[in-house]
Amino acid sequence: MKNMVKSLFLSFVVLMLFVVPARAVDINLSAAASMKDAVSELADNFAKKNPGVKFQNNFGASGAVAKQIENGAPADLFFSANLKWMDYLKEKKFMDEKSIRTFAFNTLVFVGKPDLKVKTIQDVVKLDRIAIGSPRSVPAGEYADKALKKAGIDKQLEKKLVMAKDVRACLMYADSGEVSGAFVYRTDAALAKNVKILFTVAQELYPRVTYPVGLTTTGSKKAEAVAFYKYLQSPEAEKVLLKYGFLVK
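These figures come from a predicted structure and were not determined experimentally. (Residues numbered from 1 in each chain as written. Predicted model: local features only at pLDDT ≥ 70, side-chain atom pairs only at ≥ 80, totals over all residues. Heavy atoms only, no water.)

A. Focus on the sheet that holds strand β10 (residues 209-215). Taken in spatial order, the 5 strands of this open sheet run β2-β1-β3-β10-β4, and their pairing is mixed. Two strands in the sheet have a free side with no partner beyond their single neighbour: β2 (53-60) and β4 (101-106). In this sheet, neighbouring strand axes are inclined to one another by 20° on average, regardless of whether the strands run parallel or antiparallel. Where β4 and β10 come together, 5 bridges link them in antiparallel fashion. Bridged to Ala 104 within β10 is Tyr 211. (Pairing = 2+ DSSP bridges. Helix = DSSP H or I, 4+ residues; strand = E, 2+ residues; numbered from the N terminus. Axes fitted to C-alpha atoms, helices over the stretch in contact; angles between N-to-C directions.)

B. Just the pairing of β2, in detail. Both strand β1 (residues 25-32) and β2 contribute to a ladder of 8 bridges, which runs parallel. Note that in β2 the partner of Leu 29 across the bridge is Asn 57. Running through helix α2 (residues 36-49), the crossover from β1 to the neighbouring parallel element β2 is right-handed. (Right-handed = clockwise from strand over helix to strand, strands pointing away.)

C. Seen up close, the side chain of Asp 96. Among the secondary structure elements, Asp 96 is positioned in the loop between α4 (83-91) and β4. At a separation of 3.0 Å, a polar atom in the side chain of Asp 96 contacts the side chain of Lys 98. Ignoring anything within four residues of it in the chain, the contact list for Asp 96 reads Leu 215, Thr 216, Thr 217 and Ser 220. (Polar contact = N/O pair within 3.5 Å; in protein donor to acceptor, adjacent residues only side chain to side chain. Contact = heavy atoms within 4.5 Å.)

D. Highlighting unusual backbone geometry. A positive phi angle is found at Lys 93, which is not glycine, with a value near 70°. Position of Lys 93 relative to the elements: it lies in the loop between α4 and β4. The exposed category is assigned to Lys 93, whose relative accessible area is 65%. (Buried < 20%, exposed > 50% of the residue type's maximum accessible area, 1.4 Å probe, protein only.)

E. How the structure looks around the packing of α2 against helix α8 (residues 223-231). As a packed pair, α2 and α8 sit with axes 11 Å apart at the nearest point and diverge in direction by 120°. The hand of the α2/α8 crossing is right-handed. Of α8, the residues touching α2 (which contributes Leu 42, Ala 43, Asn 45 and Phe 46) are Glu 224, Ala 227, Phe 228 and Tyr 231. A per-class count over the contact of α2 with α8 returns 6 nonpolar, 1 polar and 1 charged. (Left-handed = near helix turned anticlockwise from the far one by under 90°. Nonpolar A, V, L, I, M, F, W, Y, C, P; charged D, E, K, R; others polar.)

Pasting the structure below:
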């Protein structure tokens, strides 16, 4: 009897040696602040179908996020709000170059209180305080800065601009009444409670807002990150982008 119990015990121990507990895998996403809602939903949808996957999301100005990746922040995929910061990481060999592709498009608009008499970019000079993302790190601010220069009114606004850390901060300043208006993306304007779109910035004044996405060099070696990257190209993912107001072509 003792030998039988001992034999069963040893068999159990051997069996347990081959049982590997399920391990949750983290996918680290770094993305432009304007993509927060869409990317979060895409990640949630993927996680529901893949219970072993957990997402760690980092949102901010594309330039700030790119610098974080450069400085060692964990990232498997990077979503930028312009080509500049994607190219920056690509040149420094942080991106899997062959994976970089256009993910979505957006449009620059100006938001303010509904009663403001502002219908064109030229009318902005009549306002006292205008929020704009810091052009050095915020693509929305860089797009807006180029539009103001091309419209020939940048000098008139030098002392009126309020620099924000990202495009969502721009929207918050306008929505809370801290500024008269703000340059944001159309997708962000949809989240406003107290302001509305006063005009759409003419496309000929700035480059088209383009969102590239790509796997980082570390992400390209992680099967789960590659699977999520492929999911981003699915019809389901496209529906999520359209839901939040992004353009896909």
